[in-house]
Amino acid sequence: MADLISVPLKKPSEVDIITPFKNLIQSRYSTADNPENCTEAVNEFSKLRNNAIWKAFEKYESSLEIIYGYYDQLVALESKIPAQELQVPFKWKDAFDKGNIFGHKASLTIPSLSYEKVCVLFNIAALQSAVAATQSIENDDGLKLAAKLLQQASGIFSHLKSTVMLSIQHDPTPDLNPDTLGALSQLMLTQAQELFVHKAIHENMKLSLIAKLAAQADDLYAECLKTFQRENLRSIWDKDWISMIGGKQAAFSAVAELYQSFVCKENKSVGEEIARLRVAIDKFKAAQSRAGKTFFNDLLNKAERNLVEVEKDNDFIYHERIPDYKSLEPIGKTLIAKTLPLPERMSQNFKDLFSTMVPVAVHQALASYDVRKSDIVNTEITKLRDATQELNGILASLNLPAAIEDSSSGLPPSIIEKANTVTSLGGISSLRKMIEELPEALKRNQDILDETDRMLNEEKAADDTLRQQFKERWTRTPSEKLTEMLRSNAGKYRQIINNAVEADKVVQTKFNTHKPMIELLSKSPAELESSLPSGNGGNVQNYSAVATLRNLMEEVETVKAERDTIESEIKSATTDMKDKFLLALAKEGEINEPALSYQSLGQTYSSLQKQVSDSLQKQKDLIDRIRKAHQDFSSERGSTAGGRETMLCQLAAAHDVFRDLSNNLKEGTKFYNDLTQLLLTFQNKVSDFCFARKTEKEELMKDLTQESSRSSSAAPPAAPSYYSDPNPAPSPSNVTTPQPGQVPPNLPYPVHVQGMPVPYGATANVPYPSYVPPPMPQGYNPYGTWPGNYQNYPQQQYAPGTYPQGAYPQNTQQPGYRPPW
């Protein structure tokens, strides 16, 4: 076996990865229409992690395939889940930790998949170096495997050097410092070159080639020695690393000189041969002195024998002058070892456990497409509903169709139909009930958001207290830098709630204005008829304009029916963009989402948009004809209708307002329920963040406390009675270790959903504007006891009336409740 230096492994900690991972996938990648059952995959992933991180400490080649498989799963996951979304406090210790006697950061905890991937990749390279060190260089297969593993390890350390700071975005432990990683990459490459020297010797390659390979190894070890002796690095390594590197540098310099002397012997350059043999022997001895062990002992013996023989021959036969070594031509160098690039896949039989999950780029493209689609759907539906409301308003002002049905007594059929509609929808009592429920739903959401703000404030207060206590030793990132996005999202949620409060006021005002007429429509036909004043006119059916108005009313119903069909087609029109985005990503390496989205949306909605435009134009012509026919009708009838017609107009208008308010309140209730789900998800993400920060805080406090304890020196032994010191040393005072600050509550893991509703409007005709915030995260859950599944909130925006059906959490606890953790 070659005396190879192997890198120690980072030591992991056990964490619960199942609960937060299942919640994240289920809430972010699963909807009611397309539930994602990830339980089996997450459990398998957790087993794979436990197996991989602990198998790494068994330094066998078979262990490599296990850790390769886990790393490949992390790479695949990172393309599908944003690194910071999985709030699992991954903790890894410094590979070179020596009890933290130099004040280094002994461990680091970061809730990020990227950090986990970096640490696993470090351990892969470390394990490769350990497996390489166990191979026999006398065996060709073992030598080849060791050389390959060392070159791969060099590539991994080099890759980490250039990416680690961007990946973890945190001050690293010493082993992950870019300078450390660069030195390790250099060492692995040098040791790979060393193995190629051994291979060349064993296979009796050309003497000049062996000399050049050894000279290159000498050069690489010399550079390593300089790097490892840097002031900021030399305290990191094991104490014998530098002496080993220095010894090997001298040894390979000696090998190069020895094999170059063999070349001189073939060329009959006796003087140069003697000079190089003398230098080679000196360097072999220097190597032994530096490292405390003999390298290439057989070559040293051979060099000594050759020197005796050649000096004897030169004395008796050749009498050549021995040249000064410095005047000799330098030996050439040949580099065979290479830093191998990080492969796309490391394991032999990789199987993506989460193959059904789309990559992040596709997920983001789909979210953007949904927003564009929602804008078109909302715009076209708004046009139709605004036009229909305008048409209803004009007909109500003209008392149509009641005016052409009315006689001096009895209820017009259209009013009877409107009253039946109001009654079937629950009448005024249904509106009152929904209006009374709004304040409770509003208070529920405000309580969740208030509790979320409290957790953020409490975490910041604890961090500020400890930062003030430990000063510059409190090295973790300040809370305000990490919570900027969380607080921004909390502010957006707060503004959404404020907008909803204003919408509630508009709805309440509208209800109060039309309440008397809605109450009349909610009564029985007899009560409604008795409340109508009697008319003064005769039978309107004798008027010539009535037939024209009746035909126009039939056209109105036809237009409304056509619009219902168009609206239904707009809502149901779908295009599967997932495959298109995946194909674009595979072909181009990126997704031009705007171009693909506009192309697909144009193909899907252009004909429907034309139908909307035609319907609006048809209405303009229809209204003109209705107004003209009504003028003719009014001229024939004169002013005989009186207060009866006025009240019929009010009843017709009340019917339309009832329908609007009913839609408003249903969507308002749905809005508050959906907002509750999102706020719970946001609260849970905040809880995950606070838990991860709590874990990080406790680790840092533990390190600081241990460091403070070690810095406390023991009291010196008492001086002998016969000795008297004229300047006695003062007795050291007791060192008081810093007291840790108050620990935030230990919060449980939660769930995660995407998307954010917007406050409902004052009318049912204006679809809500689309707003998709950045993914939100989780914590205190006063409404977490209800049996529904609020994780399956669809990741899209909705037009009014198009919200998915879902149970509202009824089994709630009091807002003042505090969990017992």
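Worth saying up front: this structure is predicted, and the values here are computed from it rather than measured. (Residues numbered from 1 in each chain as written. Predicted model: local features only at pLDDT ≥ 70, side-chain atom pairs only at ≥ 80, totals over all residues. Heavy atoms only, no water.)

**Student:** For this particular structure, what's the right way to read the overall build of the protein chain?
**Tutor:** Scanning the protein chain from terminus to terminus reveals 21 helices and 2 strands. Out of the 821 residues belonging to the protein chain, those deemed buried represent 52%. (Helix = DSSP H or I, 4+ residues; strand = E, 2+ residues; numbered from the N terminus. Buried < 20%, exposed > 50% of the residue type's maximum accessible area, 1.4 Å probe, protein only.)

**Student:** Even after reading the chapter, I still don't get the packing of helix 6 (residues 178-202) against helix 7 (residues 207-228), so can you show me in this structure?
**Tutor:** Packed helices, taken two at a time, are described by their axes: the angle between them and the distance between them. At a minimum axis distance of 9 Å, the contact between helix 6 and helix 7 shows a crossing angle of 160°. The orientation of helix 6 relative to helix 7 falls into the category roughly antiparallel. Handedness of the crossing formed by helix 6 with helix 7: left-handed. In this structure, helix 6 uses A183, Q186, L187, T190, Q191, Q193, E194, F196, V197, A200 and I201 to contact helix 7, whose residues at the interface are I210, L213, A214, Q216, A217, L220, Y221, E223, C224, T227 and F228. Split into classes, the residues belonging to the contact of helix 6 with helix 7 amount to 14 nonpolar, 6 polar and 2 charged. (Axes fitted to C-alpha atoms, helices over the stretch in contact; angles between N-to-C directions. Parallel < 35°, antiparallel > 145°, perpendicular 65-115°, else oblique. Left-handed = near helix turned anticlockwise from the far one by under 90°. Contact = heavy atoms within 4.5 Å. Nonpolar A, V, L, I, M, F, W, Y, C, P; charged D, E, K, R; others polar.)

**Student:** Help me out: how do you make sense of the packing of aromatic side chains in this one?
**Tutor:** Any pair of aromatic rings gets described here by the distance separating the centres and the angle formed by the planes. Under the defined criterion, the tally for this structure stands at 16 aromatic pairs. For the pair F228 and W241, a centre-to-centre distance of 6.3 Å together with 45° between the ring planes defines the contact as tilted. Taken together, the positions of F228 in helix 7 and W241 in helix 8 (residues 241-266) put the pair 13 residues apart, joining distant regions of the chain. There is no split in this pair, since F228 and W241 are both buried. Grouping aromatic residues by their ring pairs yields a cluster made of F21, F45, Y70 and F354. The residue whose ring lies beneath K10 is F122, and the NZ or CZ to ring-centre distance is 6.0 Å. (Phe/Tyr/Trp six-rings, centres within 6.5 Å; stacked < 30°, edge-to-face > 60°. Lys NZ or Arg CZ within 6 Å of the ring centre and 35° of its normal.)

**Student:** What is the right way to read the pattern of salt bridges from this model?
**Tutor:** When the charged atoms of two side chains with opposite charge come close together, those side chains can pair. Enumeration over the complete set of coordinates arrives at 39 salt bridges. A salt bridge links R467 to D463; its shortest N-O distance comes to 3.0 Å. Here R467 pairs with D463, and both are found in helix 14 (residues 427-470), just 4 residues apart, close to one helical turn. Judged by its relative accessible area of 23%, R467 is partly exposed. Among the residues examined, D463 registers a relative accessible area of 0% and is labelled buried. Measuring nitrogen to oxygen at the nearest pair gives 2.9 Å for the salt bridge that ties E698 to K694. (Salt bridge = Lys/Arg side-chain N within 4 Å of Asp/Glu carboxyl O.)

**Student:** Would you mind showing me how to read the nonpolar core here?
**Tutor:** For soluble globular proteins, the rule of thumb is that nonpolar side chains tend to be buried together. With 117 residues, the main nonpolar core has F122 and W237 as its most contacted residues. The biggest single contributor to this core is helix 4 (residues 113-133), with 14 residues. If near-sequence neighbours (up to four positions away) are discounted, W237 is found in contact with F96, K98, T180, A183, L184, F228 and I242. Formed by 48 residues, the second largest nonpolar core is a distinct cluster that contains L411, L521, L665 and L680. (Core = buried A, V, L, I, M, F, W, Y, C linked by side-chain atoms within 4.5 Å.)

**Student:** Mind showing me how you'd approach the environment of N378 here?
**Tutor:** Tracing the backbone through its elements, the reader meets N378 in helix 11 (residues 360-397). Judged by its relative accessible area of 6%, N378 falls in the buried class. Between the alpha carbons of N378 and K571 there is a distance of 9.3 Å; along the sequence they are 193 residues apart.

**Student:** Where do I start with the pairing of strand 2 (residues 107-110) in this structure?
**Tutor:** Two faces belong to every sheet, and in a regular strand the side chains alternate between them. Burial along strand 2 is two-sided: the residues S107 and T109 and L108 and I110 are all buried. Relative to strand 2, strand 1 (residues 90-93) is paired through 4 bridges, and the arrangement is antiparallel. Of the residues in strand 2, the one forming a bridge with K91 is T109. (Pairing = 2+ DSSP bridges.)

**Student:** Got a minute to help me understand a positive patch on the surface in this structure?
**Tutor:** There is a patch of like positive charges on the surface, built from K11, K59, K93 and K702. Looking at the secondary structure, you find K93 in strand 1. (Patch = residues over 30% accessible without salt bridge, like charges linked within 9 Å, V, L, I, M, F, W, Y side chains within 5 Å. Areas by Shrake-Rupley, 256 points an atom, 1.4 Å probe, with all protein chains shown as cover. Lys, Arg positive; Asp, Glu negative; His and termini not counted. Charge placed at Lys NZ, Arg CZ, Asp CG, Glu CD.)

**Student:** Please clarify how the confidence of the model for the protein chain should be interpreted in this entry.
**Tutor:** For the protein chain, per-residue confidence averages 80 on the pLDDT scale, and 80% of positions sit at 70 or higher. This model gives residues 719-821 a pLDDT under 50, and the stretch forms 288 contacts once residues within four places in sequence are excluded. (pLDDT = per-residue confidence, 0-100.)

**Student:** Just checking my understanding: could you explain helix 8 for this structure?
**Tutor:** Note on helix geometry: an α-helix contains 3.6 residues per turn, so any two residues three or four positions apart are oriented the same way. In this model helix 8 runs 38 Å from its N-terminal to its C-terminal C-alpha over 26 residues, within 8% of the 38 Å that 1.5 Å per residue would give. With 23 of 26 residues buried, helix 8 lies mostly within the body of the structure. The positive-phi residue at the C-terminal boundary of helix 8 is K268, with phi of around 60°. (Expected span 1.5 Å × (residues − 1).)

**Student:** Looking at this structure, I do not really get a nonpolar patch on the surface. What am I missing?
**Tutor:** There is a patch of nonpolar side chains on the surface, built from F316, I317 and Y318 and spanning about 370 Å² of accessible area. On the secondary structure map, F316 appears in helix 10 (residues 297-318).

**Student:** Help me out: how do you make sense of the side chain of S114 in this one?
**Tutor:** Tracing the sequence through the fold places S114 in helix 4. Overall, the relative accessible area of 7% leaves S114 in the buried class.

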